[in-house]
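Coordinates in review
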Amino acid sequence: DKADEVAAQHPGCFLMPSYNHPDVMSGQGTLMLELIEQAGEPLDAVIVPVGGGGMLSGCCLAAKGLRPDIRIFGAEPLGADDAARSLKEGKMLEQTGPKTIADGLRTGLGTLTWPVIRDNVEDILTVTED
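Reading the values: rules and limits
Residues numbered from 1 in each chain as written. Predicted model: local features only at pLDDT ≥ 70, side-chain atom pairs only at ≥ 80, totals over all residues. Heavy atoms only, no water. Core = buried A, V, L, I, M, F, W, Y, C linked by side-chain atoms within 4.5 Å. Buried < 20%, exposed > 50% of the residue type's maximum accessible area, 1.4 Å probe, protein only. Helix = DSSP H or I, 4+ residues; strand = E, 2+ residues; numbered from the N terminus. Contact = heavy atoms within 4.5 Å. Axes fitted to C-alpha atoms, helices over the stretch in contact; angles between N-to-C directions. Parallel < 35°, antiparallel > 145°, perpendicular 65-115°, else oblique. Left-handed = near helix turned anticlockwise from the far one by under 90°. Nonpolar A, V, L, I, M, F, W, Y, C, P; charged D, E, K, R; others polar. Pairing = 2+ DSSP bridges. Right-handed = clockwise from strand over helix to strand, strands pointing away.

Before going further, it helps to examine the nonpolar core. Counting 21 residues, the largest nonpolar core has Met-32, Val-50, Leu-56, Ile-72, Ile-117, Val-121 and Ile-124 as its most contacted members. If you tally residues by element for this core, the top one is helix 3 (residues 54-66), at five residues. Beyond its immediate stretch of four places on either side in the chain, Ile-72 contacts Val-46, Leu-56, Cys-59, Cys-60, Ala-63, Lys-64, Asn-120, Val-121, Glu-122 and Asp-123.

Turning to the packing of helix 2 (residues 22-39) against helix 3, a few remarks are in order. Helix-helix packing: each pair is described by the crossing angle between the helix axes and the interaxial distance. Contact geometry for helix 2 and helix 3: axes closest at 7 Å, N-to-C directions at 50 degrees. Viewed along their axes, helix 2 and helix 3 adopt a mutual orientation that is oblique. The crossing of helix 2 and helix 3 is right-handed. Note on element contacts: helix 3 touches helix 2 through Gly-54, Met-55, Ser-57, Gly-58, Cys-59, Leu-61, Ala-62, Ala-63 and Leu-66, opposite Met-25, Gln-28, Gly-29, Leu-31, Met-32, Leu-33 and Ile-36. Residues belonging to the contact of helix 2 with helix 3 are distributed by class as follows: 11 nonpolar, five polar and no charged.

In terms of burial, strand 2 (residues 71-77) is a largely internal element, six of the seven residues being buried. Two elements, strand 1 (residues 45-49) and strand 2, share five bridges in a ladder whose sense is parallel. Bridged to Pro-49 within strand 2 is Ala-75. With helix 3 bridging strand 1 and the parallel strand 2, this β-α-β connection has right-handed handedness. Note: strand 2 against strand 3 (residues 123-127), five bridges, orientation parallel. Bridging across to strand 3, Glu-76 finds its partner in Thr-126.

One can describe the packing of helix 3 onto helix 5 (residues 113-120) by two numbers: an axis separation of 9 Å at closest approach and a directional angle of 50 degrees. Taken together, helix 3 and helix 5 sit at an angle that is classed as oblique. Here helix 3 and helix 5 pass one another in a crossing that is left-handed. Contacts from Gly-54, Leu-56, Ser-57, Cys-60, Leu-61 and Lys-64 of helix 3 reach helix 5 at Thr-113, Val-116, Ile-117 and Asn-120. Here the contact of helix 3 with helix 5 is composed, by residue class, of five nonpolar, four polar and one charged.

Along the chain, the position of Gly-79 falls in the loop between strand 2 and helix 4 (82-89). Separated by 36 residues in sequence, Gly-79 and Pro-115 have C-alpha atoms that sit 22 Å apart. Setting aside residues up to four positions removed in sequence, Gly-79 forms contacts with Gly-97, Pro-98 and Lys-99.

The quantities given are spatial measurements derived from coordinates; they are silent on function.
In structure tokens form, the structure reads like this:
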């Protein structure tokens, strides 16, 4: 792949995955820190979109670090529901043929994001395209 070729030609350069990396998860978690700070009062629950799980897992770590009792829910399109199916089955399932206009949510869960989601998310809500 062209991106791998370019990275290989530049010492010290590496490709940052879009979701399945600790730095991405940490960075995405900062949005939860900002939300909690700006809310002004304790939040009972949050709903976070999930595709590969970088945002949801980062938000889980940040929210639970500040408020262990906060309820966390994920949300994803019904046509790309691998996270909801995985949570129900208790094991990471592959994304198969996602059908959604939400292109950022078409990817499957990552090996780093899944355990955080499994252990911290109460439920994953699915929504139709309508």
